[in-house]
Amino acid sequence: MTAPSQLSHPLRSQRLNAITHEPHSRLDQLVKSHDPFASPERFAHFVAAQYLFQRDLQALYSDPELTRLIADLPQRCRVEQARLDLADLQRDLPQGDERIRGQAMGTGEALAWLFVSEGSKLGAAFLLKRMPALGLSETFGARHLAEPEGGRAQGWKAFTAVLDSIELDAEQERQAEVAAIAAFERFTEHLERCFA
Ligand code: HEM
């Protein structure tokens, strides 16, 4: 992750990276504190949080205006993979709510939420390495961590190119930054609920 000194970087993706550095570190620590790799049952709680987060963003991933900016956006959503993972792990689907799904968002805000979801695919490569020990893989129980078609790095590059190219006024820029932090808070909320 980028150091906080990048707060005034000319690229929006780098600025979002910088302002979410702290929440990302905290979330990383929180994930580890719940010992998700101790057993498939514990890992299932983490998958449940991933499912709820992807469910929050389901409508954004299929939004026609956003899809005009990012052609493969609908294929990037992992709600279905997370749902199948939960079935593999024999864990019931957690009950979601409409708080984020029902929220009207501007383009900057929407892309900031998607930034967090797409960014989490980078960390997923590390998590995937822990799966064989649990008897799980990108085709069973950990499908949502699988390498995206075309590769992780390429997918991230294509996403940030769009994020960096759209024009936002100062207020929209501020809203995007607030949204990136809110996305980390939301994931944290799901994580705490699913491990409770
Ligand atoms: C819901 C959001 C996210 C979650 C749950 C998440 C979770 C994690 C976890 C648990 C790790 C540690 C993997 C390990 O060391 O075993 C990690 C690493 C990583 N994450 Fe995230 N992450 C999220 C968002 C992001 C975002 C937005 C970015 C990029 C902007 C990102 C980039 C990375 C990178 C590059 C790593 C590799 C290790 C490092 O350099 O720190 N993640 N992530």
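Computed from a prediction, not measured in an experiment: that's the story for all the values here. (Residues numbered from 1 in each chain as written. Predicted model: local features only at pLDDT ≥ 70, side-chain atom pairs only at ≥ 80, totals over all residues. Heavy atoms only, no water.)

## Considering the nonpolar core
Generally speaking, a soluble globular protein has its nonpolar side chains buried in company with each other. As a reminder, the rule being used: Side-chain atoms within 4.5 Å are what join buried Ala, Val, Leu, Ile, Met, Phe, Trp, Tyr and Cys residues into a set we call a nonpolar core. Only protein chains enter the accessibility calculation, which uses a 1.4 Å probe; a residue whose area is less than 20% of its type maximum is buried, one above 50% is exposed, and one in between is partly exposed. Strands are runs of DSSP state E lasting at least 2 residues, helices are runs of H or I lasting at least 4, and numbering of each runs from the N terminus.
Counting residues in hydrophobic clusters, the biggest one holds 56 residues, and the most contacted among them are F43, M131 and L191. Mapped onto this core, the elements with two or more residues apiece are α2 (21-33), α3 (40-56), α4 (58-61), α7 (79-88), α8 (107-128), α9 (152-165) and α10 (170-195). The greatest single-element share of this core, amounting to 10 residues, is contributed by α8.

## Side note on the packing of aromatic side chains
Worth spelling out the cut-off: To pair, rings of Phe, Tyr and Trp, with the six-membered ring standing in for Trp, must have centres within 6.5 Å; the planes then decide the type, stacked if under 30 degrees apart, edge-to-face if over 60, and tilted in the middle.
For the structure on display, the rule yields seven aromatic pairs. The interplanar angle of 25° and the centroid separation of 6.5 Å between the aromatic rings of F37 and F43 together place this pair among those described as stacked. Taking the relative accessible area as the measure of exposure, F37 reaches 18% and is therefore buried. A ring pair is formed by F43 and F46, whose centres lie 5.9 Å apart and whose planes are at 35°; its orientation type is tilted. One end of the pair is F43 and the other is F46, both in helix α3 and three residues apart, which spans about a single turn. In this structure F43 comes out as buried when scored by relative accessible area, which is 0%.

## Side note on the environment of L30
Rules: Two residues form a contact once any of their heavy atoms are found within 4.5 Å.
Summarising the element assignment, L30 is placed in helix α2. For the pair formed by L30 and D72, sequence separation is 42 residues and the distance between their alpha carbons is 31 Å. Sequence-distant contacts of L30, defined by excluding residues within four places in its chain, comprise T188, L191 and E192.

## Points about the coordination of the iron atom of the ligand
The condition that has to hold: A donor here means any N, O or S atom no more than 2.8 Å from the metal (3.2 Å for Na, K and Ca); water is not included, so a site may seem to lack partners.
For the iron atom of the ligand, the protein contributes exactly one donor atom, H24 (NE2), at 2.1 Å. Relative to the elements of secondary structure, H24 occurs in helix α2.

## Focus on the state of the cysteines
Convention followed: Disulfide: a pair of cysteine sulfur atoms within 2.5 Å of each other.
If you walk through the whole model with that rule in mind, you get zero disulfides. A disulfide-free cysteine, C77 has its sulfur positioned 16 Å from the sulfur of C194, the nearest such atom. Look at C77 and you get buried, because its relative accessible area is 12%.

## Brief notes about the environment of Q54
With respect to the helices and strands, Q54 occurs in helix α3. Q54 sits 27 residues away from Q81 along the chain, and the two C-alpha atoms are 9.7 Å apart. With near-sequence residues (within four places) excluded, Q54 lies in contact with Y61, C77, R78, V79 and S117.

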